[in-house]
Amino acid sequence: MKRNHTKILKKIFKSKKVLITGHTGFKGSWLSLCLRYLGANILGISKNIPSSPSNFLTSNIDKIVKSKTLDIKKIDKIKVEINKFQPDFIFHLAAQSLVGVSYEKPLITWNSNLMGTVNILETLKEFKKRVTVVIITSDKSYKNVEKKSGYKETDLLGGEDPYSASKSAAEIAINSYFNSFLKKKKNITIGIARAGNVIGGGDWSRDRLIPDCIRSWSKKRKVEIRNPNSTRPWQHVLEAVWGYVFFAHKLKLSNKLNGQAFNFGPKSKKNYKVSELLNVIQSYWPDVRYHYPKNRKKFNESKLLKLNCSKAKKLLKWESVLNFNETAKLTADWYYSYYFKNKRTQAISLDQIKNFEKIFNQRN
Ligand SMILES: NC(=O)c1ccc[n+]([C@@H]2O[C@H](COP(=O)([O-])OP(=O)(O)OC[C@H]3O[C@@H](n4cnc5c(N)ncnc54)[C@H](O)[C@@H]3O)[C@@H](O)[C@H]2O)c1
């Protein structure tokens, strides 16, 4: 018999106080919508709105959550806010999230991604209320040895570019705080969620494939594709975000999961090429056009990062549910509705959340 996970999630999150750091970002805005949909009362902490347009503003998320503009690097202020809010759940996403920017601004990247996480951990050290914490890192935390079978949670960490390295370092800090301080605190349950590159409506970050394309396609311009043959384990943002929510609810229910890391990767065994993704998007949005340039901007980015998600399947009973085609379609539909059907993006996203939820309940 299929389970109605939503019923359980609504029971867990309804009227609960949830703190989301990085709520104005791509994933944070989707997470805010999902958790509001489940009935949570949200406080979001972010430094800024990282893109223009942004899903946070186009979807009016500022109207459905309480927002504080705050830098995660400022420990004293972070402590005050968390202690004042007294959350039941914390999702920590705030980070300088772009590999390209991390080469331009390594210090900001390290401070935000490592010390920002340490500041959350330091606050938890003295926190008295029962709280469940999910810290979002990345598939890029793993040492990239071009492993084809997929990285497991027990594989070595050690990203090389500043972004990846700062995420690996954040994981070492979490592990250290957990073993030194948090494990013995009965009121705190903490877990690490590692997901890879996600796509979906509402991302307008720079130097990411889909947002770069969307900016041009929305003006009916042809777009340059840097690496058509690059493969990525494409995953829809809802898979990762719903995975974080699902993980938090399991963490709350089982102390055995305390202190553990889990991968949240896509279902497909195959890593599709950029050109294949664009082909599918084109089938839902016929006007899109692209070409491959001669001079490519170069920075070292991990070539192949694939996650083995059997631990999440076994211990959390979580599995990614959308196939490649569905992932691309949801993404194309969202942007197309926004740009050419003048639809309100909160309505588009909510429709997609409800649709995704049904699929998740049927297939998981
Ligand atoms: N998008 C992806 O494909 C992807 C893949 C793997 C991991 N992640 C991780 O998921 C999280 C969210 O990613 P995203 O794509 O939504 O990022 P994003 O760039 O869209 O948003 C980043 C968010 O963090 C906030 N932030 C940045 N620095 C801050 C600081 N010093 N203090 C307070 N807030 C700060 C921003 O204001 C924003 O709300 C990040 O931790 C990122 O590393 C993202």
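Per chain, residue numbering runs from 1 following the sequence as it is written. Note on the predicted model: pLDDT of at least 70 is required for a residue's local features to be given, and 80 or more for side-chain atom pairs to be given and counted; whole-chain, interface and lining totals, by contrast, use all residues.

## Comments concerning the packing of helix 4 (residues 75-85) against helix 6 (residues 106-125)
Angles shown run from 0 to 180 degrees and are taken between the N-to-C directions of axes, each axis being a line fitted to C-alpha atoms and, for helices, limited to the stretch in contact. In this text, helices come from DSSP runs of H or I with a minimum length of four residues, and strands from runs of E with a minimum of two, each type numbered from the N-terminal end. Orientation of helix 4 relative to helix 6, taken along the N-to-C sense of each, is 50°, at an axis distance of 10 Å. What the angle tells us is that helix 4 and helix 6 run oblique. Remark: the crossing between helix 4 and helix 6 carries right-handed chirality. Residues Ile75, Ile78, Lys79 and Ile82 of helix 4 form the contact with helix 6, whose own contacting residues are Asn119, Glu122 and Thr123. Its residues placed into classes, the contact of helix 4 with helix 6 shows three nonpolar, two polar and two charged. An angle below 35 degrees is read as roughly parallel, one above 145 as roughly antiparallel, one from 65 to 115 as roughly perpendicular, and any other as oblique. Two helices crossing with the near one rotated counterclockwise from the far one by less than a right angle form a left-handed crossing, whereas a clockwise rotation gives a right-handed crossing. By the convention adopted here, residues are in contact when the distance between their C-beta atoms, placed from the backbone, does not exceed 7 Å. The nonpolar class holds Ala, Val, Leu, Ile, Met, Phe, Trp, Tyr, Cys and Pro. Asp, Glu, Lys and Arg form the charged class, and all remaining residues, Gly among them, are polar.

## Comments concerning the environment of Ala40
Within the element layout of this structure, Ala40 appears in the loop between helix 2 (26-37) and strand 2 (41-46). The burial criterion counts other C-beta atoms lying within 10 Å of a residue's C-beta, which is placed from the backbone; the residue is buried at 20 or more, exposed at 12 or fewer, and partly exposed between these limits. On the basis of neighbour counts, which here come to 24 C-beta atoms within 10 Å, the residue Ala40 falls in the buried class. In this structure the C-alpha to C-alpha distance between Ala40 and Ile20, which are 20 residues apart in sequence, comes to 11 Å. Other than its neighbours up to four places away in sequence, Ala40 contacts Phe13, Lys16, Val18 and Leu35.

## Some words on the site of the ligand
Put plainly, near means the residue's C-beta atom, positioned from the backbone, lies within 6 Å of the molecule or strand in question. In the region of the ligand, 28 residues are neighbours, and Gly22, Gly25, Ile72, Ala94 and Ala95 sit closest. Ranked by residue count, the leading element in the shell around the ligand is helix 2, at three residues. In terms of residue class, the shell around the ligand is built from nine nonpolar, 15 polar and four charged.

Any link to function would need more than the numbers given here.
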